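Residue-level structural notes
These are the residues of each chain, in order.
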Amino acid sequence: MTTQQRINWNKSTTMKVADEETPLVKVENPNITDDDDASHDSRDFEPLIDRVKDVFRVYWFLGFIAFGGPPAHVGIFQDHLVRYHQWLKEDLFLELFALAQGLPGPSSSQLIISTAATHGGVLGGSIAFLMWNLPGFVVLTTASLFLYDFIDPNNPPIWLLGIPPAAVALIFKAFYGFALKLDSLGVALAMGTCAVSVLINHDENIPSNSSQFVYPVLLFGGGLLTFLDTYRSKPIGTYSKLPGQDDGPVVQTALDRKLGYKIGMEIHHGIFMFLLWLVLLVGSIALVNSGYDYQYLEIFEIFYRTGSLVFGGGVVIVPMLQNEVVPKWMTEDQFFQGLGLAQSMPGPFFNFASFLGGTYAGLPGAIVANLGLMGPGFILIFAMLPFWSKARHYAWFQAIIKGLNASAIGLIGGGCVFLYAKSVRDSADAIVFVLCGGLASFYEFGAPQTIAMGALIGAGFAASNLGQLPY
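A few points on the structure. (Residues numbered from 1 in each chain as written. Predicted model: local features only at pLDDT ≥ 70, side-chain atom pairs only at ≥ 80, totals over all residues. Heavy atoms only, no water.)

So, about the overall build of the protein chain. Each helix and strand counted, the protein chain has 20 helices and zero strands in total. Taking contacts inside the protein chain between residues at least 6 apart in sequence as the whole, the part at least 24 apart equals 76%. Put simply, the protein chain shows about 20800 Å² of open surface, and 65% of that area lies on carbon and sulfur atoms. (Helix = DSSP H or I, 4+ residues; strand = E, 2+ residues; numbered from the N terminus. Contact = heavy atoms within 4.5 Å. Areas by Shrake-Rupley, 256 points an atom, 1.4 Å probe, with all protein chains shown as cover.)

Right, let's talk about a nonpolar patch on the surface for a bit. On the surface, a nonpolar cluster with roughly 560 Å² of combined accessible area is contributed by I271, F274, L275, L278, V282, M384 and F387. Contributing elements (two or more residues each) for the nonpolar patch: α13 (267-289) and α17 (352-391). With five residues, the top contributor of residues to the nonpolar patch is α13. Counting through the fold element by element, F274 comes out in helix α13. (Patch = residues over 30% accessible without salt bridge, like charges linked within 9 Å, V, L, I, M, F, W, Y side chains within 5 Å. Salt bridge = Lys/Arg side-chain N within 4 Å of Asp/Glu carboxyl O.)

Below, the discussion takes up the packing of aromatic side chains. Applying the stated criterion to the full structure yields 19 aromatic pairs. With centroids separated by 5.3 Å and ring planes inclined at 75°, the aromatic side chains of W60 and F61 adopt a geometry described as edge-to-face. Between the aromatic rings of F172 and F433, the centroid separation amounts to 5.2 Å while the plane-to-plane angle is 80°, which identifies the pairing as edge-to-face. Placement of F172 in helix α9 (residues 163-179) and of F433 in helix α19 (residues 427-442) is noted, with a sequence separation of 261 residues between them. Of the residues examined, F172 reaches a relative accessible area of 32% and is grouped as partly exposed. What makes F433 buried here is its relative accessible area of 16%. Put simply, the rings of F335, F349, F352 and F355 touch in pairs and so form one group of aromatic residues. Positioned above the aromatic ring of Y239 is the side chain of K402, whose terminal nitrogen or guanidinium carbon lies 5.7 Å from the ring centre. (Phe/Tyr/Trp six-rings, centres within 6.5 Å; stacked < 30°, edge-to-face > 60°. Buried < 20%, exposed > 50% of the residue type's maximum accessible area, 1.4 Å probe, protein only. Lys NZ or Arg CZ within 6 Å of the ring centre and 35° of its normal.)

Axis separation between helix α7 (residues 90-101) and helix α8 (residues 107-146) bottoms out at 9 Å; the angle between their running directions is 140°. If you check the angle between α7 and α8, you find them oblique. The crossing of α7 and α8 is right-handed. Facing α7, whose interface residues are F93, L96, F97, A100 and Q101, α8 presents S107, Q110, L111, S114, T115 and T118. Along the lines of polarity and charge, the residues of the contact of α7 with α8 split into five nonpolar, six polar and no charged. (Axes fitted to C-alpha atoms, helices over the stretch in contact; angles between N-to-C directions. Parallel < 35°, antiparallel > 145°, perpendicular 65-115°, else oblique. Left-handed = near helix turned anticlockwise from the far one by under 90°. Nonpolar A, V, L, I, M, F, W, Y, C, P; charged D, E, K, R; others polar.)

Among the secondary structure elements, D229 is positioned in helix α11 (residues 211-229). Residue class for D229 comes out buried when judged on its relative accessible area of 4%. The contact partners of D229, leaving out residues within four places of it in the chain, are L185, P235, I236, G237 and Y239.

Here we take up the side chain of T450. Locating T450 in the fold gives a position in helix α20 (residues 447-464). Not counting residues up to four positions away in its chain, the partners in contact with T450 are A166, L170, C436, A440 and F445.

Applying the stated criterion across every chain yields a total of zero disulfides. In this structure C416 is not part of a disulfide, and its nearest cysteine sulfur, from C194, lies 7.8 Å away. The class of C416 is buried, set by a relative accessible area of 3%. (Disulfide = S-S within 2.5 Å.)

Below you can see the structure in the form of structure tokens.
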């Protein structure tokens, strides 16, 4: 059988292999077994150029429609990549989601990179990240140079008004779908994580930046609990196998080898990326502390150090960056004007860095600040991918990922609580939320269509001045 005969582009064949653990869009014939598939060498795999084209086709517009911050992004990605395009299996998506949550940096950007890298390798992941990042970067950089001639953050255009409740509807849909897959221990972990995340974001006695410490503890604590649970005589959770059942090195299936081939990274590549992250962090701090006076180095060091320490989503960086740049680089009013604009933009909230850097040092400052804040997460997700692809079938690693997943799903639940309160402010917003939630959940609207309908319905209410009373 030739390669061409085995490649099938149509959706019906894709549906037939939805239960196979493969991150391919162009899928192999499901009648071919792992043993048959293993008899073929890498010449039967798609060329890199074709895989990169697939990445471009699937990812190019996400940076234009993904409003709502990291929790909303997860719902949009899950709907777009798992359900609609069947880009990868949901279990694989959740593993990568947990991996991103456990690393410093912009978690939604790391999820974009890792899901694209499972098909297009380092090049595909990098291109997906660039497409994801570019729209918000362009708008916020432009705003930093011409803010008062561009958009008033306090009076956004009417087409933006319905987007936040539509995005939150996708978060609820994703949270419910993820929670259904948890066992009893996973539900308990998710409930506890959700409760803690709500508490630390809504308590006057708890510092607003405490989540950067609490979130990693919750995530790693969840992984530790499930790991220890596997060693109980009667585990509370449900596991496909226990650590005692690991009999030496795991024999990779053909699909595993294909995943490793498509990522295109070995352990030594991961070690190199980790060392690169560490050298940039220590080196930039050392140069600044030694008195080396260079404006762009100062910008890079502040944002790279911040990006290396931040866990738990974009809003965590706000108090950290405010302490760094106000009043040295800008006034407090300028800072919060940029913050309002950044929150109304699609794509990663970390693009806020381009506004701050651009306000301080023009276009070069915007570029350096964006590279600094995004850089740690970008490097570290590539550092972890080869370790993940090699260890993901070991029982101890599966148990840890299971706990990380459950805790991360709890964080999404917390996001549902406080993002609903922020995005549904009047009865028009509530109607958009209900309608878009129904369209996505029961009528199989994809994320782009759901967001577009939210924008359309919200604009209609605003133009007709209906549903404006507080909800």
